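Results of the structural survey
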Amino acid sequence: MATTTFTKKALGVETVEPALTPPSAKAPPLPKKPKPSGSKSKKRDIPEGLWTKCPKCGTMVYDKELDENLKVCPKCHHHFPISSRERINSLVETCTFEEMDADMTSVDVLNFNGVATYKAKLEEYQKSTTLKDAVITGICKIGMHRAMLGVMDFDFLGGSMGSVVGEKLTRLIERATEKELPVIIISTSGGARMYEGMFSLMQMAKTSAALAYHAQRRLPYISVLTHPTTAGVMASYASLGDLILAEPGAMIGFAGPRVIKDTTQAELPPGFQTAEFLLDRGLIDAIVPRKEMKERLIGYLDFLTAGEKAAVSS
Ligand SMILES: [Zn+2]
């Protein structure tokens, strides 16, 4: 009778093949797992272009939520940069913005040639921003008020003021004077555009002179400073408002802090060149969060044009 024998294996006694065989020194290296295309980013679990990390509080904010919140962090209220078009949409009544001088473009008067030519730079930024230059100007309605509105865009060559920015703003102010309307300019700029040399610097005087004529007619001008507003723009029209408002945390100044520190050889106080620091010292009249900007502008325009309305009705 055939019998089946079983051998009982004692656990841990016989030599078993290890679960993971270490590769011998001679063995060829295991083929690497192919990486999915475009996986150079460290954030492999997060699809690119959907989330943005807040630089202030570190929260990952869903881009759609950020857009709906006017590019303000919902957690810490950090104000992200916002494009000029988005800002106009957030301020004016629907379909009331009529753009002026939309096709005005700069001329390379100096034949500037550095790392890249000025012409090449202009073409590059016109393509990447779909703007012709660093400001959009036009007439609009904010609440019940007709107003002339200029909005700068930092994405176009750092919001620098060349002859186009200067000319478009001057025409905006002159049109306001002619039509007896208030002017609102929302600034963000690294200063004068050095690709245009003296032609960019003279825009400071030109815009300031246009504002002087506007002020002579006792018409209101509200200047809104956003992060960052510096140098030639700050030293001209941005600081000439009857009311000067700023967004929270905006960097505002003339020269950069390093230059000032090197020149004065003095320690700069904490918070130097922020909107909050300048509010304390009286340069700025109010800090207005982006989400309240429209309502506050309407309130200020109500107040600033009250006398004019009273004069008309009497
Ligand atoms: Zn935040």
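Just so it is clear, the structure is predicted and the values come from calculations on it, not from any experiment. (Residues numbered from 1 in each chain as written. Predicted model: local features only at pLDDT ≥ 70, side-chain atom pairs only at ≥ 80, totals over all residues. Heavy atoms only, no water.)

So, the packing of aromatic side chains
What counts is decided by this rule: Two aromatic rings from Phe, Tyr or Trp, using only the six-membered ring of Trp, form a pair when their centres are within 6.5 Å; if the ring planes differ by under 30 degrees the pair is stacked, by over 60 it is edge-to-face, and anything between is tilted. Secondary structure elements follow DSSP: runs of H or I no shorter than four residues count as helices, runs of E no shorter than two count as strands, and numbering proceeds from the N terminus. Only protein chains enter the area calculation, which uses a 1.4 Å probe; residues under 20% of their type maximum are buried, those over 50% are exposed, and those in between are partly exposed.
Here the structure, examined in full by the defined rule, presents 5 aromatic pairs. Measuring from centroid to centroid gives 4.9 Å for Phe112 and Tyr195, while their planes differ by 75°, and the two rings are edge-to-face. One end of the pair, Phe112, is in the loop between β3 (98-100) and α3 (118-129); the other, Tyr195, is in the loop between β6 (183-189) and α5 (198-216), with 83 residues separating them in the sequence. Residue classification places Phe112 among the partly exposed residues on the basis of a relative accessible area of 30%. Taking relative accessible area as the criterion, Tyr195 reaches 19% and is therefore assigned buried. Centroid distance Tyr118 to Tyr195: 4.9 Å. Interplanar angle 10°. Geometry classified as stacked. You can see Tyr118 sitting in helix α3 and its partner Tyr195 sitting in the loop between β6 and α5, a full 77 residues away along the chain.

Here's the deal with helix α9 (residues 293-304)
For clarity, the threshold we go by: The length a helix should cover is 1.5 Å for every residue beyond the first. When we speak of the arc, we mean the arc of directions from the helix axis to the C-beta atoms.
For α9, built from 12 residues, the straight-helix expectation of 16 Å at 1.5 Å per residue is met to within 8% by its first-to-last C-alpha distance of 16 Å. Turning to α9, its buried residues number three or more, namely Met293, Lys294, Leu297, Ile298, Tyr300 and Leu301. Mapping the buried residues of α9 onto a view down its axis gives an arc of 165°, with all of them on the same face. With respect to the buried face of α9, the exposed residues turned more than 90 degrees away are Glu295 and Phe303.

Considering the coordination of the zinc ion
The test is simple: The donor set covers N, O and S atoms within 2.8 Å of the metal, switching to 3.2 Å for Na, K and Ca, and it leaves out water, so a site may look short of donors.
For the zinc ion, the full set of protein donor atoms is Cys54 (SG), Cys57 (SG), Cys73 (SG) and Cys76 (SG), at a range of 2.2 to 2.3 Å. Mapping the donors of the zinc ion onto the primary sequence gives the spacing C-x2-C-x15-C-x2-C. Taken together, the positions of Cys54 in the loop between β1 (51-53) and β2 (60-62) and Cys76 in the loop between α1 (63-68) and α2 (84-91) put the pair 22 residues apart, joining distant regions of the chain. Taken as a pair, Cys54 and Cys76 share a single burial class, namely buried.

Observations concerning the pairing of β6
Rule in force here: Between any two strands, at least two bridges found by DSSP are needed for them to pair. When the strands point away from the viewer and the connection leading from the first strand across the helix to the second strand turns clockwise, the crossover is called right-handed.
Counting buried positions over the 7 residues of β6 gives 7, a clear majority of the element. Burial along β6 is two-sided: Val183, Ile185, Ser187 and Ser189 and Ile184, Ile186 and Thr188, pointing in opposite directions, are all buried. Across 4 bridges, the pairing between strand β5 (residues 145-152) and β6 is parallel. Residue Val151 lies in a different strand from β6, and its bridge partner there is Ile186. The handedness of the β5 to β6 crossover, carried by helix α4 (residues 163-179), is right-handed. As paired elements, β6 and strand β7 (residues 221-229) share 6 bridges and run parallel to each other. Across the sheet, Ile185 pairs through a bridge with Ser223, a residue of β7. Taken together, β6, α5 and β7 constitute a β-α-β crossover, and its handedness is right-handed.

Some details on the pattern of salt bridges
The condition is simple: The working definition used for a salt bridge is a side-chain nitrogen of Lys or Arg within 4 Å of a carboxyl oxygen of Asp or Glu.
A full pass over the atoms with the stated rule returns 13 salt bridges. When the shortest N-O distance is used, the salt bridge between Asp101 and Arg171 registers 2.9 Å. In this pair, Asp101 sits in the loop between β3 and α3 while Arg171 sits in helix α4, placing the two residues 70 residues apart along the sequence. Among the residues examined, Asp101 registers a relative accessible area of 24% and is labelled partly exposed.

Quick word on the nonpolar core
For the record, the criterion: Side-chain atoms within 4.5 Å are what join buried Ala, Val, Leu, Ile, Met, Phe, Trp, Tyr and Cys residues into a set we call a nonpolar core. Contacts are assigned to residue pairs with any non-hydrogen atoms lying within 4.5 Å of each other.
Core analysis: the biggest nonpolar cluster contains 60 residues, and Ile184, Ile222, Tyr237, Leu245 and Ile252 have the highest contact counts within it. When near neighbours in sequence (up to four residues on either side) are disregarded, Ile184 contacts Ile142, Ala147, Met148, Leu149, Gly150, Ile222, Val224, Leu297 and Leu301. Counting 6 residues, the second largest nonpolar core, distinct from the first, contains Cys54, Leu66, Cys73 and Phe80.

As for a nonpolar patch on the surface
Selection rule: What makes a patch is a set of residues exposed beyond 30% relative accessible area and free of salt bridges, joined within 9 Å when like-charged and within 5 Å when nonpolar (Val, Leu, Ile, Met, Phe, Trp, Tyr). Note on areas: these come from Shrake-Rupley sampling with a 1.4 Å probe, and a residue is covered only by the protein chains present in the view.
Taken together, the side chains of Val107, Val109, Leu110, Phe199 and Met202 define a hydrophobic patch exposed on the protein surface, amounting to about 450 Å² of accessible area. Tracing the chain through its elements places Val107 in the loop between β3 and α3.

Fair warning: the whole summary comes from geometry, so function is off the table for now.
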